[in-house]
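Working through the structure, step by step
Here's the letter readout for the chains.
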Amino acid sequence: MSAESGTWTITELASEYDVTLRTIRFYEDRGLLTPERRGTARVYHPRDRVRLALILRGKRLGFSLDEIATIVDMYDAEPGEEGQLVYLLDQIAVRRADLEQRRRDLDQTLDDLADVARRCQADLDNLRSR
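Remember, it's a predicted structure, so these values are computed and weren't measured experimentally. (Residues numbered from 1 in each chain as written. Predicted model: local features only at pLDDT ≥ 70, side-chain atom pairs only at ≥ 80, totals over all residues. Heavy atoms only, no water.)

Section: unusual backbone geometry
- Backbone geometry at aspartate 18 places phi at a positive 55°, although glycine is not the residue there.
- Tracing the chain through its elements places aspartate 18 in the loop between helix 1 (10-17) and helix 2 (21-29).
- When its relative accessible area of 71% is taken as the criterion, aspartate 18 is described as exposed. (Helix = DSSP H or I, 4+ residues; strand = E, 2+ residues; numbered from the N terminus. Buried < 20%, exposed > 50% of the residue type's maximum accessible area, 1.4 Å probe, protein only.)

Here's what the structure looks like:
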């Protein structure tokens, strides 16, 4: 980061967020990031940095890029737009329900695997004791 200007290069952002330059350029192509251009150099401002963090968090949570775009665009909108807030709350509820179901599925799968491992170990112990 340039201390006096509060800006970042594409390389600095990529390094900070552990993503490739191609990833950042892809988000630019989708209109999710809009860095300033100085000649051929891209200059990212705090707004771009926050948006990149939101995009990456949305991806980790399983949101599609279209859903992320809608949510990230809310970052720039005036707060309190009822339709935007309702949309965001709906998306959060859907995502939470999905993640909670995945957690239940993972817990069940882990329990099933533990049961199979116990049975296999018991069978192995029986074979070795003969």
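What about the environment of leucine 52?
- Relative to the assigned elements, leucine 52 resides in helix 3 (residues 46-60).
- Spatially, the C-alpha atom of leucine 52 lies 11 Å from that of isoleucine 68, the residues being 16 residues apart in sequence.
- Those residues within four positions of leucine 52 in sequence are excluded, and the remaining contacts are Leu13, Tyr17, Ile24, Tyr27 and Leu33. (Contact = heavy atoms within 4.5 Å.)

Looking at the packing of aromatic side chains
- Scanning all chains against the criterion turns up one aromatic pair.
- A cation sits over an aromatic face here: arginine 95 above phenylalanine 63, 4.6 Å from the ring centre. (Phe/Tyr/Trp six-rings, centres within 6.5 Å; stacked < 30°, edge-to-face > 60°. Lys NZ or Arg CZ within 6 Å of the ring centre and 35° of its normal.)

Re the pattern of salt bridges
- Counting across every chain of the model gives 13 salt bridges.
- One salt bridge connects glutamate 16 with arginine 49, and the closest N-O pair in it is separated by 2.5 Å. Of this pair, glutamate 16 sits in helix 1 while arginine 49 is found in helix 3, placing the two residues 33 residues apart along the sequence.
- Judged by its relative accessible area of 27%, arginine 49 is partly exposed.
- One continuous salt-bridge network, built from bridges that share partners, spans Glu67, Arg95, Asp98 and Arg102. (Salt bridge = Lys/Arg side-chain N within 4 Å of Asp/Glu carboxyl O.)

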